[in-house]
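Understanding the architecture of this molecule
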Amino acid sequence: MLPKLHVIICSTRPGRIGLPIARWFHEFAKQHGNFDIELIDLADFKLPIYDEPIHPAAQDYKHEHTKKWSASVAAADAYIFVTPEYNYSPPPSLVNALDFVYREWNYKPCGFVSYGGVSGGLRSVQAVKMQITTLKMMPMMEGVMVPMAASMINSEGQFQSNELIDKSAVTLLEELRFWADGLKAMREKKAH
């Protein structure tokens, strides 16, 4: 059985270009074949600014939106965050979604497909890695970065990759699978 990978669209902004980039990565990863893949859109969960009265480590959720998000996060063995960069930082939607749950993220690997202007969202990724490690996740050093991303969306609204981006995606997926297999053993040991 293949490990479950969630490709998470992190921007919830209307008109976002993360949607076509995430769709491209989702299809690319399916062709690669290392994971059972699901495309997850943060916008579908309509998470408010964190509103649970009890610390997420207790997993005593009071709100339906949190319960749905918890179930989604728990279902995956690994994650790819498709994220833009806002003012040298990750989007607040990603930071908030990470904070909503805790144990569901623990001992799982994650990677990033970042996009933006000339930096390709790298500063966003570096900033969010500190939060990721606090959630006991293993962020991959490898990643996919898409500079000048708007120029890579065609007139039909589809993302047009290139050889360098494709090679980065293969490297990321292979490393992510390596860590997903290793961390599964840690999660199983922790459960006993």
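In this text, all values refer to a predicted model and were calculated from it rather than measured experimentally.

Rules of the game
Residues numbered from 1 in each chain as written. Predicted model: local features only at pLDDT ≥ 70, side-chain atom pairs only at ≥ 80, totals over all residues. Heavy atoms only, no water. Helix = DSSP H or I, 4+ residues; strand = E, 2+ residues; numbered from the N terminus. Rg over C-alpha atoms; globule rule 2.2 N^0.38 Å. Contact = heavy atoms within 4.5 Å. Lys, Arg positive; Asp, Glu negative; His and termini not counted. Charge placed at Lys NZ, Arg CZ, Asp CG, Glu CD. Salt bridge = Lys/Arg side-chain N within 4 Å of Asp/Glu carboxyl O. Buried < 20%, exposed > 50% of the residue type's maximum accessible area, 1.4 Å probe, protein only. Pairing = 2+ DSSP bridges. Right-handed = clockwise from strand over helix to strand, strands pointing away. Phe/Tyr/Trp six-rings, centres within 6.5 Å; stacked < 30°, edge-to-face > 60°. Lys NZ or Arg CZ within 6 Å of the ring centre and 35° of its normal.

Looking only at helices and strands, the protein has six helices and six strands in total. A compact globule built from 192 residues should have a C-alpha radius of gyration of about 16 Å, and the protein, at 16 Å, falls within 12% of that. The principal-axis extent of the C-alpha atoms belonging to the protein is close to 45 × 35 × 25 Å. A separation threshold of at least 6 residues defines the contact pool for the protein, and within that pool the share at least 24 residues apart is 80%. Seen as two clouds, the 20 positive and the 21 negative side-chain charges of the protein have centres 4 Å apart.

What follows concerns the environment of phenylalanine 35. With respect to the helices and strands, the residue phenylalanine 35 is situated in the loop between α1 (18-32) and β2 (36-41). Once the C-alpha coordinates of phenylalanine 35 and leucine 2 are considered, the two residues, 33 residues apart in sequence, prove to be 5.2 Å apart.

Turning next to the pattern of salt bridges. Under the definition given, this model contains eleven salt bridges. One salt bridge in this structure joins glutamate 64 and lysine 67, with 3.7 Å as the shortest N-O distance. Of this pair, glutamate 64 and lysine 67 both sit in helix α3 (residues 64-74), three residues apart, which is roughly one turn of that helix. The class of lysine 67 is partly exposed, set by a relative accessible area of 38%. When salt bridges with common partners are traced through the structure, they connect Lys4, Asp36 and Glu38 into a single cluster.

Moving on to the pairing of strand β4 (residues 109-115). Judged by how many residues are buried, β4 sits mostly within the fold: seven of seven residues are covered. Every second residue of β4 is oriented toward a common face, with Pro109, Gly111, Val113 and Tyr115 on one face and Cys110, Phe112 and Ser114 on the other, all of them buried. Both strand β3 (residues 78-84) and β4 contribute to a ladder of six bridges, which runs parallel. Bridge assignment links isoleucine 80 to a residue of β4, and that residue is glycine 111. Following the chain from β3 across helix α4 (residues 92-100) to the adjacent parallel β4, one finds a crossover that is right-handed. As judged from the two bridges shared by β4 and strand β5 (residues 138-139), these two strands associate in the parallel manner. For cysteine 110, the partnering residue across the bridge sits in β5 and is proline 139. Taken together, the three bridges between β4 and strand β6 (residues 144-146) define a ladder with parallel strand orientation. Bridged to serine 114 within β6 is methionine 145.

A separate point is the packing of aromatic side chains. The tally for this structure, following the rule as stated, stands at ten aromatic pairs. Look at tryptophan 24 and phenylalanine 25: their rings are 5.9 Å apart centre to centre, the planes differ by 65 degrees, and that puts the pair in the edge-to-face class. Here tryptophan 24 and phenylalanine 25 have matching classes, each one buried. Ring plane angle 55 degrees and centroid distance 5.9 Å describe the contact between phenylalanine 81 and tryptophan 105, whose orientation is recorded as tilted. Placement of phenylalanine 81 in strand β3 and of tryptophan 105 in the loop between α4 and β4 is noted, with a sequence separation of 24 residues between them. The two residues phenylalanine 81 and tryptophan 105 agree in class, both being buried. By way of ring pairs, the aromatic residues Phe45, Trp69, Tyr79, Phe81, Trp105 and Phe112 are connected into one cluster. Above the face of the tyrosine 88 ring, arginine 123 is positioned so that its terminal group lies 3.7 Å from the ring centre.

Function cannot be read off these values alone, since they describe shape.
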